[in-house]
Amino acid sequence: MRTRLRWPVINGQASGTLFLPDSLPRGKYTLFAGLQQRFFEVRGEIKDAKNIGSVQAMILTKTGEWNEQEVSVAPDGTFAIRNWLFEDNAIMAFSRTKNNSEPLNIRISTQLDSSYAPLAVAGRSFYIGNPPSAVRQTLNQPIETSQQAFADRGSVLPAVLVRTTTKSAAQQFNEKYVSGMFRSGDERMLSIMTDPSALSAPNIFTYLQGRVAGLQITQAGFNGGVARWRGSRVTFFLDEVRVSAQQIANIPMTDIAIVKAYPPPFFGAPGGGGAIAIYTRRGGEADYLPPNRQVFRVRGYTPAAAALDMSRLSL
């Protein structure tokens, strides 16, 4: 059975931790690995390039980190990107340079998803459980396998088609990340990530003043602030974990995605008071990319520690 696990070779070594499921039957197993020649690489082609010269490329990882660079394009419309290193999936986007908003017709493939012949293949045997003495002697013996076992035709990555939707960015964030009692249906939701005026507020308490009917905010110096709703004390939550007002006040406005205000009585607030829930940005989403870009989802390297999902292995 085969799966795609990709650990980079840096300074001649590659390391990774692989966790196997508890349901795996006891017995002898062999893990094979193939050595690929290149690091992560994106090869692309722009149709009808007409000596475009260069394009602007941007990558946004799941951790919210982003980077961009101007990439040279050959006269035939081809280009290559070889100097990005990241774990898991990311979003890659392309646009024209020099403030040109005309759409691009791009096809890309990545070296990690493309067909390749391994430079070398090696295997390592291991045993789940207590191996019999006869088996124990074979665990350290050299193992040979055919490189054909790693044959892969690869794939060309399709562009992500972005359509207009009736749901706002805040509504999409709410559906994806808000859970349990925080989906009461009676709350007031404010989108910080789409409100340019939010960045000018020193903290969330200043921003909330006068924005939610019935909610009274009192600034309290280094302690952040005090909030009351219909005379009841308000409880604060950060990513659905109860925190103090001071912790809320210290969150940079640029880190906040949405704020949800729950009138009393809120089930999660002691004494039946109201609540304010702050949700921080997650990153890795197309909503945070500049407009007029062609967007692709690309796969990077396997995280340093990975759990093997047996149901996703291919024969």
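My aim in this report is to walk through the structure given alongside it, one point at a time.

Cut-off values and rules
- Residues numbered from 1 in each chain as written.
- Predicted model: local features only at pLDDT ≥ 70, side-chain atom pairs only at ≥ 80, totals over all residues.
- Heavy atoms only, no water.
- Helix = DSSP H or I, 4+ residues; strand = E, 2+ residues; numbered from the N terminus.
- Buried < 20%, exposed > 50% of the residue type's maximum accessible area, 1.4 Å probe, protein only.
- Areas by Shrake-Rupley, 256 points an atom, 1.4 Å probe, with all protein chains shown as cover.
- Pairing = 2+ DSSP bridges.
- Axes fitted to C-alpha atoms, helices over the stretch in contact; angles between N-to-C directions.
- Salt bridge = Lys/Arg side-chain N within 4 Å of Asp/Glu carboxyl O.
- Core = buried A, V, L, I, M, F, W, Y, C linked by side-chain atoms within 4.5 Å.
- Contact = heavy atoms within 4.5 Å.

### Considerations on the overall build of the chain
Consideration 1: On a plain count of helices and strands, the chain comes out with 4 helices and 18 strands.
Consideration 2: Looking at the chain residue by residue over its 315 residues, the buried ones come to 37%.
Consideration 3: On the chain, roughly 18800 Å² of surface is accessible, and the fraction owed to carbon and sulfur atoms is 49%.

### Here's the deal with the sheet that holds strand S8 (residues 106–110)
Strand pairing within a sheet occurs via backbone hydrogen bonds; the two strands may be parallel or antiparallel.
Consideration 1: Pairing within the open sheet is antiparallel, and its 3 strands lie in the order S6-S3-S8. Looking at the sheet topology across the chains shown, the edges are occupied by strand S6 (78–81) and S8. Each strand axis lies, on average, 20° off the axis of its neighbour in the sheet, ignoring direction.
Consideration 2: Here strand S3 (residues 42–46) runs beside S6; their pairing, made up of 4 bridges, is antiparallel. Note on S6: the bridge partner recorded for Arg43 is Ala80.

### Looking at the pattern of salt bridges
Consideration 1: The full count for this structure, using the stated rule, is 4 salt bridges.
Consideration 2: We note a salt bridge from Glu41 to Arg82, for which the minimum N-O separation is 2.5 Å. Of this pair, Glu41 sits in the loop between strand S2 (27–35) and S3 while Arg82 sits in the loop between S6 and strand S7 (89–96), and the two are 41 residues apart along the sequence.
Consideration 3: Judged by relative accessible area, Arg82 falls into the exposed class, the value being 51%.
Consideration 4: Measuring nitrogen to oxygen at the nearest pair gives 2.6 Å for the salt bridge that ties Lys260 to Glu187. With a gap of 73 residues between them, Lys260 in strand S15 (residues 256–262) and Glu187 in the loop between helix H2 (169–177) and strand S10 (188–191) connect regions that are remote in the sequence.
Consideration 5: The class of Lys260 is buried, set by a relative accessible area of 0%.

### Quick word on the pairing of S15
Consideration 1: Counting buried residues in S15 gives 7 out of 7 residues, a clear majority hidden from the surface.
Consideration 2: Pairing analysis gives 4 bridges linking S10 to S15, with the strands arranged antiparallel. Following the sheet pairing, Met189 is matched in S15 by Lys260.
Consideration 3: Pairing between S15 and strand S16 (residues 274–280): 6 bridges, direction antiparallel. Looking across to S16, one finds that Ala261 is bridged to Ile276.

### What about unusual backbone geometry?
Consideration 1: Between Pro264 and Pro265 the backbone carries a cis peptide bond, its omega angle lying at 0°.
Consideration 2: Tracing the backbone through its elements, the reader meets Pro265 in the loop between S15 and S16.
Consideration 3: In the Ramachandran plot, Asp88 falls in the positive-phi region, its phi being about 65° despite a non-glycine side chain.
Consideration 4: Along the chain, Asp88 turns up in the loop between S6 and S7.
Consideration 5: For Asp239, which is not glycine, the phi dihedral falls at a positive 50°.
Consideration 6: Its location among the elements puts Asp239 in the loop between strand S13 (232–238) and strand S14 (241–243).

### Overview of the nonpolar core
Consideration 1: By size, the foremost hydrophobic cluster in this structure holds 26 residues, and its most contacted members are Ile204, Tyr207, Val259 and Ile276.
Consideration 2: Going through the elements one at a time, helix H3 (204–208), strand S11 (215–219), strand S12 (225–229), S13, helix H4 (245–249), S15 and S16 are the ones with two or more residues in this core.
Consideration 3: The leading source of residues in this core is H3, at 4 residues.
Consideration 4: Once residues within four sequence positions are removed from consideration, Val259 is found in contact with Arg188, Met189, Leu190, Ile192, Ile204, Leu208, Ile276, Ala277 and Ile278.

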